[in-house]
Each structure stands twice: as C-alpha cells, then as structure tokens.
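# Summary of structural features
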Amino acid sequence: MEKKLSTESYKGVRDFYPEDFAVLEYIFTSWRKTLKGFGYEEYNASVLEPAELYRAKSGEEIVNEQTYTFTDRGDREVTLRPEMTPTVARMVAARRRELPLPIRWFSIPNVFRYEKPQRGRLREHFQLNVDLFGVDSIEADFEMILIASNIMKNLGVDEEKYEIKLNSRSLMDFMMQTVLGLSPEITHKLGKLIDRKNKVTRADFESEAELLCGNKSTAFLKFIDAPDLTTFQKALGTSHESFDHLESLIRRADDVGIENVVFDQTLMRGFDYYTGLVFEVFDKHPDNRRALFGGGRYDDLLSLFGGDKIPAIGFGMGDVTTRDVLETYGLLPKTLSVADVALCPLSFDFIPYAQHLAIKLRAEGARVSIDITGKRLGDQIKNADKKGIPFVLPIGEDEVKNKVFKIKHLSTGKEVEVTEDSLIETLTTKEK
Ligand code: HAM
C-alpha cells in the first residue's frame, strides 16, 4: 500500500489556520497603523537573495549556522533571507541618488533561520522592520524609542510590563580597547561572550573572560557587573561621548513620559554591522524571556555597496514573541469577526433574494456572509455565533415580500425591525 503523506508542516514553521491568520492580521494592522502615524512608507522584496549579501556583515552565527542556503539550477548560491537589514541596505544603496533623505521605511517580511524551535523561536517568522536612513544624530535614535513605545502602547501593553534596554557599541569598544587596552580581535570575541552571558553559567563566563583578557578580566567583570550607567562611568574614570548620548536618550524619553528606558551594558546584539546605539525591548514576564524587538545603528553597512556613507538606524520586531506577550496578558481580542452580518435564508428558495441584498450591502461597505447550507435557522445562528459574526438577519417569505427585516444582535439578544434602506445604517452604527 502507498505510504500516506504526513499532514504535519515542516519542522519549526507554522500553518496559519484562519484563527491564527486573524491574530497575525490583528498584529500587522496595529504595526501598520503605528508606523503610518510616524510617516513611514511600506516596502517589500523577494525572500531570495544572493548568499554573499550576508557574508560581509551579518555575523558568523547567522551565516554559518542559521541560513537556508542552496545552489540554484544556474549554479548561483541563494539564501532565504534570515533578516531584512541587508536587503533594505541594498535597496537604498541602489537608489541612493534618487531617494530624498531622510528615508523612513517599514516592512513586514517573513524571514527564515535554521534555529532549534522553542518558545519564541521558530524557523520562519514575520518581522516588522523599521529603518531610518540619512540622519546620524540623536534625533533618529530618539525616534526609534518613541516608535518602540508607541507600538507597545497601540498593542495595549502597559509600560510597567516591559523595558527598553539601551547600550552603545562604541562605548563598549572604548571600554575594552582604550581603557583596558585589548586588541580589536579580542574585543570582538568578548562582545560575542557578553552576548551569550545569559546562556552560560557565571563560572563559565568568568573563565572564558579570563582566557580572553588574562589579568584584565577583573577590571572587565567590574564593568559588566556595574548596576547602572553612573557606576559604569565611575569605573571608566573618564568621560566619553556615548555617555552623554545614552543619558540624553533616557532623559528625553522621561520628558515625554516614557519611563522604562534603561542602560544595560550586557546588551550587545549578535550582528556585526552595528556601530553605535543598540537596543532591545524585553517583556518582564518570566514566561517570555526573549527580546520582543532588537535593533541599532549601522552607519557603515551601506558603504559595502560603494558610494557615499549613509547613516542608518532601525529595529526588527517578531510576530512570535509579540503573540506570546499579547496572550500572556490577555490582550488579543476575543473574536476577530469575519463578517458584520450573516444572512440566514429560511430555505433554499430565499437564497437568490439574499444574494441580491448582499450585493447591495457590500456595495455600501458592509461585510456580509450568506448561509447557503439550507440548515435550520437555529443551526445557522449557532454557526454565525461561533464565527463571531455580531448580527444575523433571517430571510423568509415575509421579508422578501415586505422588505422589512428583524435583525438580531447576537451578544445582547436584542432584535430590531429595519427596512432595506436603514439596514446598512444599523450595521455600521450599532455596537459590535
Ligand atoms: P534580531 O534581533 O535578530 O534583529 O531580530 C529582531 C526580532 O525578531 C527579535 O527580537 C525577535 O522578536 C524576532 N526573532 C528573531 N529571530 C526569531 C526566530 N527565530 N523566531 C521568532 N522570532 C524571531 C534583526 O533581525 C535585525 N535585522 C533588526 C534590525 C533592523 N536592525 C536594524 N534594522
């Protein structure tokens, strides 16, 4: 006998059944609304990119262990995008002469990473990407914090529930190279170690640090353990422009009522292209230990494509962690209805009239579904209720003859009599 095909999806990716797709749509709609409110334009690109795009600056872990790369029929090495930043950098670089700066763009691509599937981590996810090109001042950095905070607000997540963590790559380089006198190579390796800090034991972290920086490891650990920005600065014993920068960002956020921005020197971010500010948004709930967003400044990435330097800053926010957080706090709408009204013909004979009525209502902008099963009215209503449709409208002989209907609001049980003309008004003005 022929072996039956499995109905399971590929490991680590999701099928989006309508109820899951509705959640995705809900999140996307909220993201789009927020970004449009900041004057950002939406773009997209193919999931396929030449593999070399990621080799230069994405970082070894992503390129060697996490990409889906294959050779096509024309012998080209192709990668399914593991992130959007190299793509958007390529797109902006290609039109650098025509595009007026600053460029404010966003996108919601699906991206692919060969990771061990676990809570908050899958092999395909959708990632909101927000990027601003052409401004290297604190104003652009501050705009990222404002957007991050506004995204969370529009999703209904209170400020006390999460933190926006900031660090600066240039500050960390200054600490390791200028203050501790370590080489750029060791600095790079220490950066990767700091990035893994929460994944290894304290003893392993200390011994790896000692292996990398010998007798400087005690001083290094003092920086890593500093509880706040002031203590970190004291340990440094000198001033550095990144301090003022980080301090100003925290103060300015506070000035507009955003009080959850904090300094965290253990925040490094895995990608090699970051040059200055790096930031992440963390939910404080113990079930959601992964970052919701991550991003930073990457002023040198566009130079890989030749031409003048274009400063850039941006972040990515995944749908998987977003959904986890919304579910944890019960912030997803209970039912995401598929239609405003279900027309319920009492027998097959009344379906043609229902179709005419539906055409009229749809032309007025209503979302209308017709029950074409020929089932009993009670079953039709039950079905509409299960789908979260707020109104039902039975159609029988009287309705067809008199064009007067009894429309029922399912959650309150209220019934009102309406004419064909006032139907649309009822559907659009009644609470749903
Ligand atoms: P990232 O930190 O790798 O940054 O990803 C950003 C966010 O995408 C994470 O905080 C997380 O929510 C989500 N994410 C990442 N990997 C996975 C996964 N395997 N499964 C589910 N969700 C995931 C970047 O990708 C940068 N390119 C962001 C950026 C834009 N930087 C500047 N502009």
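Residues numbered from 1 in each chain as written. Predicted model: local features only at pLDDT ≥ 70, side-chain atom pairs only at ≥ 80, totals over all residues. Heavy atoms only, no water.

### What to know about unusual backbone geometry
Note that the residue after Leu101, namely Pro102, is joined by a cis bond; omega there is -5°. Following the sequence through the fold, Pro102 ends up in the loop between α4 (85-94) and β5 (103-107). A positive phi is found at Asp75, a non-glycine position, where the angle reads about 70°. By secondary structure assignment, the location of Asp75 is in the loop between β3 (68-71) and β4 (77-80). Phi at Lys403 is positive, roughly 55°, even though this residue is not glycine. (Helix = DSSP H or I, 4+ residues; strand = E, 2+ residues; numbered from the N terminus.)

### Side note on the site of the ligand
Close to the ligand lie 27 residues, the nearest being Glu83, Thr85, Glu115, Arg269 and Tyr274. Contact between the ligand and Glu115: a nitrogen atom at 2.6 Å from a side-chain N or O atom of the residue. Tyr273 has a polar side-chain atom sitting 3.1 Å from a nitrogen atom of the ligand. For the ligand, the protein covers 97% of the area, taking 660 Å² as the surface of the free molecule. (Near = heavy atom within 4 Å. Polar contact = N/O pair within 3.5 Å; in protein donor to acceptor, adjacent residues only side chain to side chain. Areas by Shrake-Rupley, 256 points an atom, 1.4 Å probe, with all protein chains shown as cover.)

### As for the domain arrangement of the protein chain
Segmentation of the protein chain into domains returns domain 1 (18-328) and domain 2 (341-427). The gap between the C-alpha centroids of domain 1 and domain 2 is 50 Å. (Domains from an automatic or database assignment.)

### Structural notes on the sheet that holds β4
The strand order across the open sheet built from 3 strands is β2-β4-β3, with neighbouring strands paired in antiparallel fashion. A strand with exactly one partner marks an edge of an open sheet, and here the two such strands are β2 (48-50) and β3. This sheet shows a mean twist of 35° between the axes of neighbouring strands, independent of strand direction. For β3 and β4, the ladder comprises 4 bridges, and the chain directions are antiparallel. Bridge pairing in β4 links Tyr68 to Leu80. (Pairing = 2+ DSSP bridges. Axes fitted to C-alpha atoms, helices over the stretch in contact; angles between N-to-C directions.)

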